[in-house]
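Letter by letter, the chains look like this.
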Amino acid sequence: MAGDSVKQLNGDSIHVNEDSDADHAFDTTIDELCKNLCELQSSTNQSPSRLSFGSYGDDEESKIDSDLQHLALGESPDLHITEDEEEEEEEEGEVATKPEEFDTVRPTKPTKDTQKQVGKKNANSGLTRKKKKVQNGGNKEASSENVELARYLLNQARNLVSSGESLNKALELSLRASKLFEASPDKNKPCLEWIMCLHVTASIHCKLKEYNEAVPILQRSIELTVVEEGEEGYGLAKFAGLMQLGDTYATTGQLENSVSCYTEGLAIQKKFLGENDPRVGETCRYLAEALVQALRFDEAEKICQTALSIHSPGSAAEAADRRLLGLICETKGDHENALEHLVLASMAMSANGQESSQVAFVDTSIGDSYLSLSRYDEAISAYQKSLTALKASKGENHPSVGSVYIRLADLYNRTGKTREAKSYCDNALRIYESRPLEISPEEIASGLTDISVICESMNEVEQAVTLLQKALKIYNGDDSPGGGGRKMMVAGIEAQMGVLYYMMGKYLESYDTFKSAVEKLRGTGKKQSTFYGIALNQMGLACVHLGEIEEGVELFEEAKCVLEQECGMYHPETLGVYNNLAGAYDAIGRLEDAIELLGHVVGAREEKLGTANVDTEEEKGRLVQLLKEAGKVTGRKAKSLQTLIDSDLMASSALR
């Protein structure tokens, strides 16, 4: 269930318009940041920029849609300048007049014809003037000219990024501008324009998918930004840098680093705006969303409650807070509270006139809560309401329609209506296999994975494996930025395939897929997670059936260490591994170790389930059998694992 809710946060429930918002947000963000930085340098305390600290407005639904969120992924109006044109202008020796926009930094978007003319006339005018000044020997004049030229180059770079046609040229210009700013530093601290230039340079790297190059640039911008009391301009710059760095980390799957950046950015924002500013609430919700992605649900709930306490009752911001809080509660298994928050969110969104499709996504989540509470009729009603709205607003073949079909298939399968479940599965599969342009590869793979789970529950194991193979092929063939997040998804699919192969008796295929999944988990630094421990346990079971007992013991022992740390010694998954390891120890003649582990399992079962429980009695019988044999260890033959390995665990701890 947790996986479904986290996926929901990534998918149609929260980020439906993320791509389009990212493209729209960059122009606004960079323009406003430029304007703010310039005004803060030259204006009085009544500067309008003081009212826009944080760079996003109160009327946005989520911090996801805020300006600063997509600095790392944004777009910024093309000024078509070629090297040939620059060389021709240099040869002609034309010197353009000083552009007036140097002092305002934020230009209006020029037309393409105007861009070309400005590019031809002004591309090298700054260089010409700079050379003349240096020849005259004026150090101050040369430094001033460096800053002026740097501003101009930065302007050009932003225009190029906005058009999206010459990103490499834009990167070249922004790097040149950064070097010029660096060569003319303020006596006390770097100028705000230099810091902004570093942000823009990092944004261009991210646009080119060069995330590793963007990170050190952003880190440097943050190190250079020393915030002193009352300096809102530098506070804005550091806040922007931290949020942009957090977005870059999140894009590459480094969720913990991302959360750290957002947390530090929130602290700076609180310092300048106070604890109860609505924009602080926006950032709190954004941080909560990042914590959910990192599976830190308790912290996410606490931060989201803070956002809810800041925003006005009945506002769009409060609706967004409740929407996220409902999904967090659903993930934690608190279905009643989840339902309450989601119903209030749906009512507030409708009252605020938000798009019907957005309300439909919340109605889908309401259906999920009803389903978790086994209130099936109400769940069907919520799903059908959502389905009708999504078909009308998004079209019959939109992925969000497919996701509702999957939910209805799951519901009817749970209630034993197999024919209806298969029908809805077929409808969903038709959408995902048709691959309309609006569906990303990740959405297709995710949809196929969800359908495979339903097929598995209907005992159509081979069909489930086929769907997972298609999903795996999509992930492996997609050239989108990968990182740890992508590897984790692939590892999850491989682990699920390993379970299905195990159920089909194909133990070699099961072992191979589990091995691939475990290697990926190790490569992403997820060696200390419950998922990793369960995967090791399942891989160990496959080894046992292949007769590789020694390797199985090693895998069980590693799983034991991981699950003890992550879940504790009395968690059902940990007890299951103890049981399997005890059986493996007995099979290789380590009787004393087997007795010790099985004794712990029996004690835990008696404490949790009682002495009359069937499982407890079964474990007792195994322990008694081992104790009877303890005096006959010499010459004892290895026993079959069939009666020693926890048969229930072999089926129940399947990775879903």
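Residues numbered from 1 in each chain as written. Predicted model: local features only at pLDDT ≥ 70, side-chain atom pairs only at ≥ 80, totals over all residues. Heavy atoms only, no water.

*Asks:* Quick one: what's the story with the state of the cysteines, residue by residue and with numbers?
*Replies:* This structure, assessed with the given rule, holds zero disulfides. The thiol of C329 is unpaired, and the distance to the nearest cysteine sulfur, on C304, comes to 8.7 Å. Exposure remark for C329: the relative accessible area of 3% places this residue in the buried category. (Disulfide = S-S within 2.5 Å. Buried < 20%, exposed > 50% of the residue type's maximum accessible area, 1.4 Å probe, protein only.)

*Asks:* Help me get a handle on the nonpolar core, residues and values and all.
*Replies:* L448 and I451 are the most contacted members of the largest nonpolar core, which totals 56 residues. For this core, the secondary structure elements donating two or more residues are α15 (335-351), α16 (356-372), α17 (376-394), α18 (399-414), α19 (418-434), α20 (441-457), α21 (461-477) and α22 (483-503). When residues in this core are grouped by element, the largest group, nine residues, is from α21. Counting residues in hydrophobic clusters, the runner-up holds 38 residues, among them L180, A214, L218 and Y249. (Core = buried A, V, L, I, M, F, W, Y, C linked by side-chain atoms within 4.5 Å. Helix = DSSP H or I, 4+ residues; strand = E, 2+ residues; numbered from the N terminus.)

*Asks:* Please set out α16 residue by residue, giving values where relevant.
*Replies:* End to end, α16 covers 24 Å across 17 residues, agreeing with the expected 24 Å (1.5 Å per residue, within 8%). The element α16 is extensively covered by neighbouring structure, given that 15 of its 17 residues are classed as buried. A positive backbone phi angle near 60° is found at S374, which sits one or two residues after α16. (Expected span 1.5 Å × (residues − 1).)

*Asks:* Lay out unusual backbone geometry with the relevant residues and their values.
*Replies:* In the Ramachandran plot, S374 falls in the positive-phi region, its phi being about 60° despite a non-glycine side chain. Mapping S374 onto the fold places it in the loop between α16 and α17. Residue S374 is classed as partly exposed on the basis of its relative accessible area of 45%. The backbone phi angle of N459 is positive, close to 65°, even though this residue is not glycine. With respect to the helices and strands, N459 occurs in the loop between α20 and α21.

*Asks:* Give a description of the packing of aromatic side chains that names residues and reports values.
*Replies:* What the rule picks out here adds up to four aromatic pairs. Relative to Y424, the ring of Y405 lies with its centre 5.9 Å away and its plane at 35°, an arrangement referred to as tilted. Residue Y405 is found in helix α18, and its partner Y424 is found in helix α19; the two are separated by 19 residues along the sequence. Neither residue differs from the other here; Y405 and Y424 are each classed as buried. Among the aromatic residues, those joined into a cluster by ring pairs are Y405, Y412 and Y424. (Phe/Tyr/Trp six-rings, centres within 6.5 Å; stacked < 30°, edge-to-face > 60°.)

Any functional reading would require information beyond the geometric quantities listed.
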